[in-house]
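Here is what each chain is made of, one letter per residue.
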Amino acid sequence: MGLQAGGFFLFYVIVCPVAGLGAGIALPTQSLLFPAMIDTITKHLGTQADSLLNHKCKTIAKERLHLPGGDWVNRIFAPSDRNNRVLNNLDWMFNTGRLAGTGYLSILPVDQGIEHSAGASFAKNPDYFDSENIVKLALEGGCNAVASTFGVLGSVARKYAHQIPFLVKINHNQLLTYPNVFDEIAYGTVKQAYNMGAAAIGATIYFGSPESNRQITEVANAFAEAHEYGMATVLWCYLRNPAFKKDKDYHVSADLTGQANHLGVTIQADIIKQKIPENNGGYIALQMGDSSYGKIDKRVYTELTSDHPIDLCRYQVANCYMGRAGLINSGGASGAHDFEEAVATAVINKRAGGMGLISGRKAFQRPLADGIKLLNAVQDVYLCKEVTVA
């Protein structure tokens, strides 16, 4: 088997004896496949390269974390109360796509047709009004799983559910109510996802919203049922409250998102999806004046975090039981610097001790070939040995 790199074909053969015979299997090594991977990553990072690639974390030491690896399912979940079918589906996810066997995840999420409206999401690339193209992008992009709605995944389940793990998003916000409201409601049942052949279910909770108590109860019950059926669980731990916007947008503060993560693992999410932190001090900002909000210890800001993005993200990992539940960060909205932003987010997540990236709009709001390149650029960060945990 030949693999082309830089105009040359590289061959690497391992001889495996089978029943006394030698069988040649062509397996490219990482160094042969990606000789200049770190150079490409450095180029994408631009002026951030030194800060992100050479940062040393002096807050929560990496030795205290449960870091991703090829043995992650056995090491972390075998001692847990998850049944063997859950372990099988987690193992399937971790052994699919370009990141198979690494302990890292690259997931394509496309539920924006409901969450952000189909027109706003797919006008840039109308091909993705067709549900099959969503699954094709995940497959051809080398993803570990594809996350989408009951409708999208159900429409092509018999063709693809055995080829790539399906992550069925069971609840959504919708934007036709006038005026718009923000509330995650169920769009189907856990049993439907199971019958579809899904490996996992996903859900969103708007922590901090007036509806959050109801959502916590609904999702906790759904996750318990999913585990009974043998499916893994992924929680979108998002914050939603107008009060969180003050001098900064504290919906993306490390302290508040960290606590959302901690609530998420409490209801037994196997994997947490969270936005990358952009600031800190949400609790402090909300306690100003006559207000009293939550509880916090100042050591969160003086010892457990700094203002560096990797340290802020590490606090998110710490709140996921020090990595016993994997943290995947979202890739964010599509814009003029998608490749640079996606690679930077992946570097921050990996070096913080996170488990991967779940990137949708940056990938599907462009032609298929370019979407694949973006997904591969993110995956390259997790394949690159030079990008280490800080």
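Residues numbered from 1 in each chain as written. Predicted model: local features only at pLDDT ≥ 70, side-chain atom pairs only at ≥ 80, totals over all residues. Heavy atoms only, no water.

That bond from Y178 to P179 is cis: its omega, -5 degrees, falls within 30 degrees of zero. Relative to the assigned elements, P179 resides in the loop between strand 8 (171–172) and strand 9 (185–186). (Helix = DSSP H or I, 4+ residues; strand = E, 2+ residues; numbered from the N terminus.)

The buried count for helix 15 (residues 309–318) comes to 9 of 10 residues, which makes it a mostly enclosed element. Looking at the buried residues of helix 15, the elements they touch are helix 3 (49–53), helix 12 (254–266), strand 12 (271–274), helix 14 (299–302), strand 13 (326–330) and helix 16 (338–352). (Buried < 20%, exposed > 50% of the residue type's maximum accessible area, 1.4 Å probe, protein only. Contact = heavy atoms within 4.5 Å.)

There is about 980 Å³ of room inside the largest pocket. In terms of lining, the largest pocket is formed by 42 residues, of which the most central are Y238, K275, S330, G332 and R361. Only helix 3, helix 6 (112–122), strand 10 (200–207), strand 11 (232–239), helix 16 and helix 17 (361–364) provide two or more residues apiece to the lining of the largest pocket. For the lining of the largest pocket, the element with the highest residue contribution is helix 16, accounting for 4 residues. Of the residues contributing to the lining of the largest pocket, the split by class is 16 nonpolar, 13 polar and 13 charged. Estimates place the volume of the second largest pocket at around 220 Å³. Lining the second largest pocket are 14 residues, with G208, Q259, L263, Y283 and Y293 positioned closest to its centre. Of all elements in the fold, only helix 11 (212–229) and helix 12 reach the threshold of two or more residues within the lining of the second largest pocket. (1 Å grid on protein atoms, 1.4 Å probe; cavity = no way out; pocket = protein on both sides within 12 Å on 5 of 7 lines; lining within 4 Å. Points joined across faces, edges and corners; volume = space filled by probe spheres on them. Nonpolar A, V, L, I, M, F, W, Y, C, P; charged D, E, K, R; others polar.)

Time to look at the packing of aromatic side chains. When we look at a pair of aromatic rings, we describe it by the centre distance and by the angle of the planes. A complete count under the given rule lists 9 aromatic pairs for this structure. Within the aromatic cluster, the residues linked to one another by ring pairs are F122, Y128, F129 and F364. The ring of Y206 carries R240 above its face, with NZ or CZ at 4.7 Å from the centroid. (Phe/Tyr/Trp six-rings, centres within 6.5 Å; stacked < 30°, edge-to-face > 60°. Lys NZ or Arg CZ within 6 Å of the ring centre and 35° of its normal.)

Moving on to the pattern of salt bridges. Any two side chains of opposite charge can pair, so long as their charged atoms come close to each other. Summed over all chains, the structure comprises 14 salt bridges. With a closest N to O distance of 2.7 Å, E132 and K159 form a salt bridge. Linking E132 in helix 7 (residues 131–140) with K159 in helix 9 (residues 157–160), this pair joins segments that are 27 residues apart in sequence. Among the residues examined, E132 registers a relative accessible area of 18% and is labelled buried. With its nearest N and O atoms 3.9 Å apart, the salt bridge here joins K169 to E184. With K169 in strand 7 (residues 166–169) and E184 in the loop between strand 8 and strand 9, this pair connects stretches of sequence that are 15 residues apart. As far as burial versus exposure is concerned, K169 and E184 are alike and both buried. The network of salt bridges with common partners includes D111, E115, K169 and E184. (Salt bridge = Lys/Arg side-chain N within 4 Å of Asp/Glu carboxyl O.)

So, about the packing of helix 15 against helix 16. Helix 16 packs onto helix 15 with a crossing angle of 55 degrees between their chain directions and a minimal axis gap of 8 Å. With respect to their mutual orientation, helix 15 and helix 16 come out oblique. For the element pair helix 15 and helix 16, the recorded crossing hand is right-handed. Listed contacts from helix 16 to P309, I310, C313, R314 and V317 of helix 15 are I348, N349, R351 and A352. Considering only residue class, the contact of helix 15 with helix 16 consists of 6 nonpolar, 1 polar and 2 charged. (Axes fitted to C-alpha atoms, helices over the stretch in contact; angles between N-to-C directions. Parallel < 35°, antiparallel > 145°, perpendicular 65-115°, else oblique. Left-handed = near helix turned anticlockwise from the far one by under 90°.)

This brings us to the environment of F223. Looking at the element boundaries, F223 is found in helix 11. Along the primary structure F223 and D311 are separated by 88 residues, whereas in three dimensions their C-alpha atoms are 30 Å apart. Beyond its immediate sequence surroundings of up to four residues, F223 is in contact with I201, A203, T233, V234, L235, I267, Q268 and A269.

Among the secondary structure elements, R314 is positioned in helix 15. Look at R314 and you get buried, because its relative accessible area is 0%. In the structure, R314 is positioned 105 residues away from S209 in sequence and 25 Å away in space, judged by C-alpha atoms. Among the polar contacts listed, one links the side chain of R314 to the backbone oxygen of R351, at a separation of 3.0 Å. (Polar contact = N/O pair within 3.5 Å; in protein donor to acceptor, adjacent residues only side chain to side chain.)

A separate point is helix 12. Over its 13 residues, helix 12 extends 18 Å from the first C-alpha to the last, a length consistent with the 18 Å expected when each residue adds 1.5 Å. Three or more residues of helix 12 are buried, namely A254, D255, L256, T257, G258, A260, N261, G264 and V265. Looking one or two places after helix 12, you find Q268, whose phi comes out positive at around 70 degrees. (Expected span 1.5 Å × (residues − 1).)

Looking now at the nonpolar core. Counting 94 residues, the largest nonpolar core has I41, L45, F166, I201, L235 and V347 as the members making the most contacts within it. Here the element with the most residues in this core is helix 18 (residues 368–383); it accounts for 8 residues. For F166, the residues in contact, after removing those within four places along its chain, are V135, V146, L153, V156, A157, Y160, A161, M196, A198, A199 and A200. Counting 24 residues, the second largest nonpolar core, distinct from the first, contains M93, F94, A147 and I271. (Core = buried A, V, L, I, M, F, W, Y, C linked by side-chain atoms within 4.5 Å.)

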